[in-house]
Every structure is written in C-alpha cells, then in structure tokens.
Amino acid sequence: MTIGIVALQLASVFFLDTALNNSIDTYATSSRGAEEEEDDVVIEQEMNDDEEQRYDKEDDLNSANYMTALTSAAVAATETNTTGMVTNDDDVGYYSRASSYINCMLNLEKNELSPERIAKLEESNLPIPFAVKIDNNNRFWVLAMLHHENHFLRTEDIYYCNGIRAQIAKTFIKGYNMLAVACSETIDARNSSLNTFSGRPKPKSQKGMEFSFDMQAFETCERKDIKSFSHLSPEENKNGKIGIVAVFTGNRKEAFEWAVYHHTIGVDHIFLYVNEDWDEGKDLFHRDYITWIPYNFHITKRGPFSWECFREAGMTDMVWRARRLNMKWLANVDIDEFIWVNGTLYPDKKPLLTFLNTNPIPDEYGAFELNSIPFGGNSTNSSSSISKNQKHEEQEDEGKGGGAPGEGDNHHDKSLVMEYVYRQNRDVKTFPRKRYKIIIDTTKIVTAISCHYIGGGSSKNAYPLDADVMRVNHYKLPKNGVYNTLYSFLPPSQVMRDSDLMDRFFDAVSTEMAL
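Nothing here was measured: the structure is a model prediction, and the numbers come from that model.

**Q** Report on the sheet that holds strand β17 (residues 437-441), specifying residues and quantitative values.
**A** Taken in spatial order, the 7 strands make up an open sheet running β11-β10-β9-β12-β17-β14-β20, and their pairing is mixed. Looking at which strands have only one partner, the edges of the open sheet turn out to be β11 (290-294) and β20 (462-464). Across the sheet, the axes of successive neighbouring strands diverge by a mean angle of 25 degrees, strand direction being ignored. Across 6 bridges, the pairing between strand β9 (residues 242-248) and strand β10 (residues 269-274) is parallel. From the neighbouring strand, Ile244 faces β10, where its bridge partner is Ile270. Sitting on the sheet, helix α6 (residues 308-324) is in contact with β9, β10, β11, β12 (329-332) and β17, with an inclination near 150 degrees to β10. Across the sheet, helix α7 (residues 351-358) is in contact with β9, β12, β14 (367-370) and β17; its angle to β9 comes to roughly 120 degrees.

This is the structure in structure tokens:
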C-alpha cells in the first residue's frame with residue numbers, strides 16, 4: 001500500500017480523501033506553544049465569526065484535556081499494558097522473531113518512504129509521516145516531520161485521522177521539527193484501523209495545504225513491531241528498565257562494541273536504527289539484547305544537516321516504543337559516544353543502572369543532560385586541523401561512528417574504540433557544555449527528542465549532571481587525536497591520559513564480543 005498524497009497548490013494535485021467531508025469531532029484540539037498566535041478551529045466551507053469564536057473557546061478547554069490524556073498514557077505505561085503483548089519464553093533469535101517487522105520496514109523504504117516520495121513531499125512543503133504508533137491506551141498517533149519552513153509548529157494545517165479531528169501534541173524542540181498527532185480516542189486500535197491521515201489549512205491561511213495520506217502500511221509495521229517485541233513483557237519492565245537508541249551509518253563493528261559496552265554498564269536493551277542500506281543484515285552481530293532496525297530513509301535538500309532529519313525521526317520513534325515497553329529510561333547517544341559513570345561513586349558492575357535507580361530526575365525536568373568530553377589518540381596526527389570548508393561535513397559525520405580504529409599513540413592498532421584514552425588536560429567539570437546528550441524519563445510528557453533536546457508538555461529541559469559524575473566520552477575521529485570541539489585536534493602537549501573507562505570494562509566487552 002502506498003502513500004496517497006494530496007496537495008492542491010503548487011500544481012501537486014491528488015485525490016482528497018472524501019472522509020474529510022464527514023462531521024468533525026470537535027473535542028479533538030491542538031495543544032499549542034507560546035509562539036503560535038492563531039488558535040486551531042474546525043474548518044467549515046462557510047464559517048461565520050460566531051462559529052469561529054465558539055470553536056476557539058472549545059480549543060482552550062480541550063487543550064488541557066489533551067495534556068491530561070498524554071499524562072495518563074505515560075502513567076499507564078508503568079502500570080499495565082493493553083496492546084495485546086504477551087510474555088514469550090520461547091528461545092527464538094531476534095531475526096526469526098522479527099523477520100516480518102524487518103520486511104515491513106524494508107517495504108516502507110521501497111514504497112511509502114522511498115527517496116522519490118520523500119523528495120516530492122519535501123518539494124510540496126507537506127508533512128512527511130514516518131510512523132504510526134499505538135500507545136498503551138490503544139490510541140493511534142501519527143509521527144511526521146514538518147517542512148523546515150514550519151519551524152516550531154508554526155504549521156498552517158489542521159489534522160484529521162480517518163476524517164475525525166485530531167490533536168496536535170506540542171513537540172517544542174530545537175532542531176528539525178517533529179509533529180506528533182493524537183488521533184481521536186473513538187478510533188480504538190483494538191477494533192479499528194487507521195486508514196488516513198489528512199489535513200486542511202486553517203481559516204484565512206495563505207500557506208496551508210490540503211493533503212491525505214494512506215496510513216495502512218505504517219499501521220501494519222507498528223502492529224508487527226508490537227508482535228516482534230512480545231517477548232519483552234511490560235510487566236517485567238516496571239522496575240527501572242533502561243533502553244538506549246542510536247541512529248547510525250557506517251562501521252557496524254563499532255556499533256556492536258557500543259551496544260555491548262552499554263549493556264555491560266546496565267542498559268537492558270539496545271535499539272540501533274540502521275540509516276543505510278540494510279544489505280541483508282550483513283555484519284549485524286546478534287545478541288538477544290540488541291535490536292537492529294532497517295531505517296534507510298533520507299532527506300537530501302535541507303542543506304548540510306539533511307542527514308539529521310531521519311536521525312531525529314528514529315530517535316522520536318524510539319521514545320514511543322520505549323514507553324510502550326514500559327522502559328523507565330531511554331538514553332540517546334551516538335555510537336561514537338560512550339556513557340561514563342564515576343566508578344568511585346558507583347562501584348557496581350552495572351553503574352548506570354545503579355545511578356538511575358537511585359537518582360530520580362527533579363519534577364520540573366524530563367531528562368538528564370550529559371556533557372560530552374572528546375577522547376582520542378595521542379598520535380602524530382593530533383596536530384591536524386579541520387578547515388572551515390570541512391566544517392559542515394564533520395557536523396554531518398557526527399553520530400555515524402568514531403571512525404575505524406586506527407593508529408593511535410605509538411601507532412599501535414586499536415581493537416576497540418575505548419582504547420583511545422586521551423582527552424584534553426583540564427578538569428572535566430570545566431569543559432564547555434557542547435554536544436551534550438540526554439537520558440529521558442519516559443514517564444514524563446516527552447513526545448519527541450533530537451540529538452540534544454527533548455520536546456513535549458512541560459518537560460522541556462534536561463537536568464545537567466557534572467561531568468565527574470556522569471558524562472559521555474566522545475570518540476570523534478579518534479585516530480586523528482583529541483577533538484577540541486572547534487573543528488581541529490589538540491596537539492599532544494595539551495592532552496592527558498584518562499583510561500578509566502577502558503581499565504574497568506575492556507575485558508568484559510572484548511570477551512562478550514569474542515575478540
């Protein structure tokens with residue numbers, strides 16, 4: 001089933017779903033950010049001022065209802081599960097268990113999210129739907145990317161699911177804007193399907209566009225996803241379960257090391273979105289605690305940061321899966337970043353698990369913020385620099401892997417990325433807070449995340465941790481030396497050896513990787 005697209009401007013004319021002519025459910029409204037000046041109202045062919053005022057008042061009342069519903073869904077994820085997931089004790093490998101879901105995602109790449117279709121949506125200034133999610137209250141959600149001109153939800157459209165007015169979840173994040181649409185509760189996922197996601201311009205809008213998407217293929221993948229994780233019983237995930245996600249391209253062995261390391265320090269399950277050709281799963285090392293997800297979707301016309309778009313989409317998709325699986329915590333770091341926890345304060349074998357289970361996030365925050373400390377080798381290449389012309393290329397390269405292990409100090413080959421043990425010679429608490437990453441509490445109202453930020457509800461900020469307590473060791477192009485965050489590498493005279501992470505975990509990780 002392919003996406004049906006409707007755009008009645010720019011000569012992009014498709015068939016508008018007739019369900020939009022049906023009655024509109026007036027209680028489904030938009031939750032708006034402070035920067036949005038115009039209230040959402042139900043569209044009629046002819047709407048007089050009295051009708052418009054009436055709908056504005058209903059929107060004001062029901063925006064509070066929306067936030068209450070989202071909070072209930074988050075709380076429900078820690079108490080019960082109603083999506084039909086069951087415990088499965090069969091000792092079945094992931095690829096056998098999830099082959100149907102993998103094939104579904106690969107079909108999306110060929111059809112609904114093919115490069116040609118994505119380009120057409122982008123050129124038409126339309127939302128790009130990338131997932132249907134079913135929450136623990138059996139409610140459908142549509143996740144989409146807004147065109148970059150609709151920054152911070154300055155969208156001109158009103159949205160519908162199966163022709164029924166939907167709610168817009170606030171996804172106020174810095175970076176590329178994610179759109180989360182809550183379908184009406186009358187469309188119950190237990191006995192209904194999500195057939196269409198559509199939109200119309202707001203009254204008096206000069207920029208909005210009419211469109212309709214066929215969402216059945218996306219819903220099919222979501223249901224297969226739920227089934228493939230039936231072995232992860234939500235009932236077992238009440239007590240602080242931890243997930244971690246990365247969207248990556250490049251060195252799959254490095255991704256495997258990253259996954260093994262984080263499992264070693266306390267992460268229960270690792271989710272890796274493969275943002276490149278699946279290549280029949282080649283070099284995707286199997287462990288029961290690792291899930292590899294085909295995610296070869298791309299936007300190519302947003303300048304040097306185009307790669308970030310679906311990277312952010314994958315991270316956001318994972319928030320909803322983690323909440324459905326009752327995972328309390330979800331870490332969001334790249335495969336060239338390793339979470340470091342102070343071993344003196346937390347000497348356990350699984351220090352990350354201990355820290356998160358003993359340090360709740362303050363109520364006003366939705367995540368922990370971990371500062372990034374660059375690590376690398378102490379080689380003769382350390383004096384090399386990156387020109388301004390290479391700046392965007394290096395920014396795009398972030399998250400694609402730390403570069404193949406190469407010659408570091410004394411030109412010894414590295415079998416693991418963590419063997420690069422040099423950083424800038426300064427107190428880690430004095431490093432500028434750049435390239436920081438987050439660990440979110442999924443029970444907070446979080447609807448979207450990017451590489452560095454969270455969005456949704458009141459949980460806008462992340463609580464900063466001191467780098468001598470917890471941080472990420474960032475192995476960015478480590479064979480070239482220690483990256484100094486200013487697009488150059490530090491000379492050997494300005495670096496120091498800090499092998500704590502390697503000393504504590506090299507043996508366990510290399511053994512698990514069977515090196």
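Text resumes after the structure shown.
**Q** Give me the lowdown on the state of the cysteines, citing residues and values where you can.
**A** Inspection of every chain in the model, using the stated rule, returns 2 disulfides. Between the sulfur atoms of Cys104 and its disulfide partner Cys221 the distance amounts to 2.1 Å. Between Cys104 and Cys221, the S-S torsion sits near -100 degrees, and that sign places the bridge as left-handed. Here Cys104 is found in helix α2 (residues 94-110), whereas its partner Cys221 is found in helix α4 (residues 216-228), with 117 residues between them in sequence. Each sulfur in the disulfide pair Cys161 and Cys183 lies 2.1 Å from the other. The chirality of the disulfide connecting Cys161 with Cys183 is left-handed, given an S-S dihedral of about -65 degrees. Here the residue Cys161 occupies a position in strand β3 (residues 157-161), and Cys183 occupies one in the loop between β6 (178-182) and β7 (196-201), the gap between them amounting to 22 residues.

**Q** Explain the packing of helix α5 (residues 252-264) against helix α9 (residues 500-512) to me, using residue names and the numbers behind them.
**A** At a minimum axis separation of 9 Å, α5 and α9 run at an interaxial angle of 115 degrees. By the criterion of interaxial angle, the relationship of α5 to α9 is roughly perpendicular. In terms of crossing hand, the pair formed by α5 and α9 is right-handed. For the pair formed by α5 and α9, the contact residues are Glu257, Val260, Tyr261 and Thr264 on the first element and Leu501, Phe505, Ala508, Val509 and Glu512 on the second. A breakdown of the residues in the contact of α5 with α9 according to their chemical character gives 6 nonpolar, 1 polar and 2 charged.

**Q** How would you explain empty space enclosed by the protein if you had to name every residue and give the values?
**A** All told, the structure shown has 5 cavities of 30 Å³ or more when counted by the stated rule. Estimated volume of the largest cavity: approximately 120 Å³. Lining of the largest cavity is provided by 15 residues; of these, Tyr101, Met105, Ala131, Lys133 and Asp317 occupy positions nearest its centre. Of all the elements in the fold, those that place two or more residues in the lining of the largest cavity are α2, β1 (128-134), α4 and α6. The residue makeup of the lining of the largest cavity, split by class, is 10 nonpolar, no polar and 5 charged.

**Q** I'd like a description of the pairing of β6, backed by residues and values.
**A** Burial analysis of β6 places 5 of its 5 residues in the buried class, which makes it a mostly covered element. Of the two faces of β6, the one carrying Met178, Ala180 and Ala182 and the one carrying Leu179 and Val181 are both buried. Judged from the 5 bridges that link them, strand β2 (residues 140-145) and β6 form a sheet pairing that is antiparallel. By the bridge assignment, Ala144 is partnered in β6 with Leu179. Pairing between strand β5 (residues 167-169) and β6: 3 bridges, direction antiparallel. From the neighbouring strand, Ala169 faces β6, where its bridge partner is Ala180.

**Q** Explain α9 to me, and be specific about the residues and the numbers.
**A** Each full turn of the α-helix corresponds to 3.6 residues, which orients residues three or four apart in the same direction. For α9, spanning 13 residues, the distance from its first C-alpha to its last is 19 Å, which sits close to the expected 18 Å at 1.5 Å a residue. Along α9, the largest kink reaches about 55 degrees and is centred on Phe506. Within the sequence span of α9, burial applies to Leu501, Met502, Phe505, Val509 and Ser510. Of the surrounding elements, those touching the buried residues of α9 are α5, β13 (337-341), α7, β21 (470-474) and β22 (495-497).

**Q** Tell me about the packing of aromatic side chains, and name the residues and values.
**A** Aromatic rings in a pair are described by how distant their centres are and how their planes are angled relative to each other. Scanning the model with the defined rule gives 23 aromatic pairs in all. Aromatic side chains Phe229 and Phe271 sit 5.7 Å apart centroid to centroid with 50 degrees between the ring planes, which places their arrangement in the tilted category. Within this pair, whereas Phe229 is found in the loop between α4 and β9, its partner Phe271 is found in strand β10, the two being separated by 42 residues in sequence. Given a relative accessible area of 0%, Phe271 falls into the buried group. The lysine or arginine in question, Lys328, covers the ring of Trp329, its NZ or CZ lying 5.3 Å from the ring centre. One Lys or Arg, Arg471, reaches over the ring of Trp340 and ends 3.8 Å from the middle of that ring.

**Q** Residue-level account of the confidence of the model for the protein chain, with values.
**A** When pLDDT is averaged across the protein chain, the result is 74; 64% of the residues are at 70 or more. Mean pLDDT across the secondary structure elements of the protein chain bottoms out at helix α1 (residues 49-76), with 39, and peaks at β13, with 98. Ignoring residues within four places in sequence, the model shows residues 1-92, a span with pLDDT below 50, making 206 contacts including any to other chains. Long-range and interchain partners of residues 380-412, a stretch whose pLDDT sits below 50, account for 100 contacts in this model, where long-range means more than four residues apart.

**Q** So what about unusual backbone geometry? Which residues, and what values?
**A** A negative phi angle is the norm for most residues apart from glycine, just as the trans form is the norm for most peptide bonds. Residue Asp279 is not a glycine yet carries a positive backbone phi of 55 degrees. Here Asp279 shows up in the loop between β10 and β11. A positive phi angle, close to 55 degrees, is found at Glu280, a residue other than glycine. Here Glu280 is to be found in the loop between β10 and β11.

**Q** So, α6: which residues are in play, and what are the values?
**A** With 17 residues, α6 extends 25 Å from end C-alpha to end C-alpha; this agrees with the ideal 24 Å at 1.5 Å per step. Within α6, 17 of the 17 residues are buried, which leaves the element mostly enclosed by the surrounding structure. Positioned one or two residues after α6, Asn326 has a phi angle of 60 degrees, which is positive.

**Q** Summarise the nonpolar core; cite the residues concerned and give the values.
**A** One finds Phe130, Phe197 and Phe310 to be the most contacted residues of the largest nonpolar core, which totals 70 residues. By residue number, the principal contributor to this core is α6, which donates 8 residues. Counting residues in hydrophobic clusters, the runner-up holds 63 residues, among them Trp258, Leu284, Ile290 and Met470.

Each value, and the rule that gives it
Starting afresh in each chain, residues are numbered from 1 along the sequence in its written order. Predicted model: local features are reported for residues with pLDDT of at least 70 only, side-chain atom pairs are reported and counted for 80 or more only, and whole-chain, interface and lining totals are derived from all residues. Hydrogens and water are ignored here; the side-chain numbers use all heavy atoms of the structure. In this scheme, strands are said to pair when DSSP sees at least two bridges between them. To qualify as a helix, a DSSP run of H or I must reach at least 4 residues; to qualify as a strand, a run of E must reach at least 2; elements of each kind are numbered from the N terminus. Think of each axis as a best-fit line through the C-alpha atoms, taken over the contacting stretch in the case of a helix, with angles from 0 to 180 degrees between the N-to-C directions. In this description, contact between two residues means that some pair of their heavy atoms is separated by no more than 4.5 Å. Note that a disulfide, as used here, is simply two cysteine sulfur atoms within 2.5 Å. For classification purposes, angles smaller than 35 degrees are called roughly parallel, those larger than 145 roughly antiparallel, those between 65 and 115 roughly perpendicular, and all remaining angles oblique. Note on convention: the crossing is left-handed when the near helix lies turned anticlockwise from the far helix by less than a right angle, right-handed when the turn is clockwise. Gly counts as polar in this scheme, as do all residues outside two lists: the nonpolar Ala, Val, Leu, Ile, Met, Phe, Trp, Tyr, Cys and Pro, and the charged Asp, Glu, Lys and Arg. Put plainly, a pocket is an open set of points on a 1 Å grid over the protein atoms alone with protein on both sides within 12 Å along at least five of seven lines, a cavity is a set where a 1.4 Å probe fits but cannot get out, and a lining residue has an atom within 4 Å of a point. Grid points are joined across faces, edges and corners, and a volume is the space filled by probe spheres set on the points. When accessible area is computed with a 1.4 Å probe and restricted to protein chains, residues below 20% of their type maximum are described as buried, those above 50% as exposed, and intermediate ones as partly exposed. Here a helix's expected span is defined as the number of its residues, less one, multiplied by 1.5 Å. Here the bend at a residue means the angle between the axes of two seven-residue stretches, the one that ends at it and the one that starts at it. Note on ring pairs: Phe, Tyr and Trp rings are taken, using the six-membered ring of Trp, and paired if centres are within 6.5 Å. Classes follow the plane angle, with under 30 degrees stacked, over 60 edge-to-face and the rest tilted. Charges are assigned to positions over rings by a cutoff of 6 Å between ring centre and Lys NZ or Arg CZ, combined with an angular limit of 35 degrees from the ring normal. Per-residue confidence from the predictor is given as pLDDT, running between 0 and 100. Buried Ala, Val, Leu, Ile, Met, Phe, Trp, Tyr and Cys residues form a nonpolar core when they are joined through side-chain atoms within 4.5 Å.

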